[in-house]
Amino acid sequence: MSLSFPFPDIEWEPTQGFWEAASRETLALPRCPSCGRWDWYPTGTCGACEGVETAWQDLSGEAELFSWAVVERAFAKPFADRVPFVAALVLPREAPSVRIPTNLVDCKVEELHVGLRLRAVFRDLEFSGVEGRIVAPFF
C-alpha cells in the first residue's frame, strides 16, 4: 500500500517496523542487537558500531516533551484543515537519547512545558483531498 505525499513511506525498510507497530497501537523503536544503541532515525546501519541488524523493541508509550511549536499556517494544502496544530519532539521513557517527531493532541498549549509527561495515543492519520490513511502515534 504505497501512499502519496504527505504520508510517510510506511514501506521503507528502515522504518517499516515503526509503522507496523503503530498499526498494532504500539510504539516501537529499533535497537542495535550488537551494541544496544537506539537507532533512531534508522538508516539501515547502526551509527555507533555500523552493525546492519535491527531489533525492534516495543516501548511503554510513555515520553517527555522535549520541544514544540504551534503551527498556524499550512506549509502545504493537505495540512490546511489541520492548523493550528502542535508539532513536537518527544523523548521516549526507555530511550531518552531519541527524539521522535510527532503532533500533540488533546492538550492546552499554555500548559505545555519541557519535561511534561506524555503518553502515546494511536489515531488515524488522514488528510483532506488525499486518498488513504494510516495509524500513527500522537502524544
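Here's what I pulled together on the structure shown here. (Residues numbered from 1 in each chain as written. Predicted model: local features only at pLDDT ≥ 70, side-chain atom pairs only at ≥ 80, totals over all residues. Heavy atoms only, no water.)

With that settled, the discussion passes to the nonpolar core. Core analysis: the largest hydrophobic core is formed by 35 residues, its most contacted members being Leu-29, Val-90, Leu-104 and Phe-139. Where this core is concerned, the elements lending two or more residues are α1 (13-23), β3 (62-71), β4 (85-92), β5 (100-104), β7 (121-127) and β8 (130-138). Setting aside chain neighbours within four positions, we find Leu-29 in contact with Phe-18, Trp-38, Trp-40, Ala-55, Trp-56, Gln-57, Leu-59, Pro-92, Ala-95, Val-98 and Ile-100. (Core = buried A, V, L, I, M, F, W, Y, C linked by side-chain atoms within 4.5 Å. Buried < 20%, exposed > 50% of the residue type's maximum accessible area, 1.4 Å probe, protein only. Helix = DSSP H or I, 4+ residues; strand = E, 2+ residues; numbered from the N terminus. Contact = heavy atoms within 4.5 Å.)

All right, on to the packing of aromatic side chains then. Scanning the model with the defined rule gives eight aromatic pairs in all. Relative to Tyr-41, the ring of Trp-40 lies with its centre 5.2 Å away and its plane at 70°, an arrangement referred to as edge-to-face. One aromatic cluster is present, formed by Phe-7, Phe-75, Phe-79, Phe-85 and Phe-127 through successive ring pairs. Against the face of Phe-66 rests Arg-99, its NZ or CZ located 4.2 Å from the ring centre. (Phe/Tyr/Trp six-rings, centres within 6.5 Å; stacked < 30°, edge-to-face > 60°. Lys NZ or Arg CZ within 6 Å of the ring centre and 35° of its normal.)

In this approach the atoms are scanned with a rolling probe the size of a water molecule, which exposes any empty space left behind. If you add up the space inside the largest pocket, you get close to 550 Å³. Around the largest pocket sit 25 residues that line it, and Pro-8, Trp-19, Pro-101, Thr-102 and Leu-125 are the ones nearest its centre. Per-class residue counts for the lining of the largest pocket are 20 nonpolar, three polar and two charged. Looking at the second largest pocket, its volume works out to about 170 Å³. Forming the walls of the second largest pocket are 13 residues, and the residues nearest its centre are Val-105, Asp-106, Cys-107, Leu-116 and Leu-118. Broken down by element, the residue count for the lining of the second largest pocket peaks at three residues, all from strand β6 (residues 117-119). Taken together, the residues of the lining of the second largest pocket sort by class into eight nonpolar, no polar and five charged. (1 Å grid on protein atoms, 1.4 Å probe; cavity = no way out; pocket = protein on both sides within 12 Å on 5 of 7 lines; lining within 4 Å. Points joined across faces, edges and corners; volume = space filled by probe spheres on them. Nonpolar A, V, L, I, M, F, W, Y, C, P; charged D, E, K, R; others polar.)

For the rest of this paragraph, the subject is the sheet that holds β5. Pairing is antiparallel across the open sheet formed by four strands, whose spatial order is β5-β4-β3-β6. Only two strands of the sheet have a single partner each, and these edge strands are β5 and β6. Taken pair by pair, the neighbouring strands of this sheet meet at an average axis angle of 50°, ignoring direction. Relative to β5, β4 runs antiparallel, the two being bridged by five bridges. Residue pairing across strands places Val-90 opposite Ile-100, the latter belonging to β5. (Pairing = 2+ DSSP bridges. Axes fitted to C-alpha atoms, helices over the stretch in contact; angles between N-to-C directions.)

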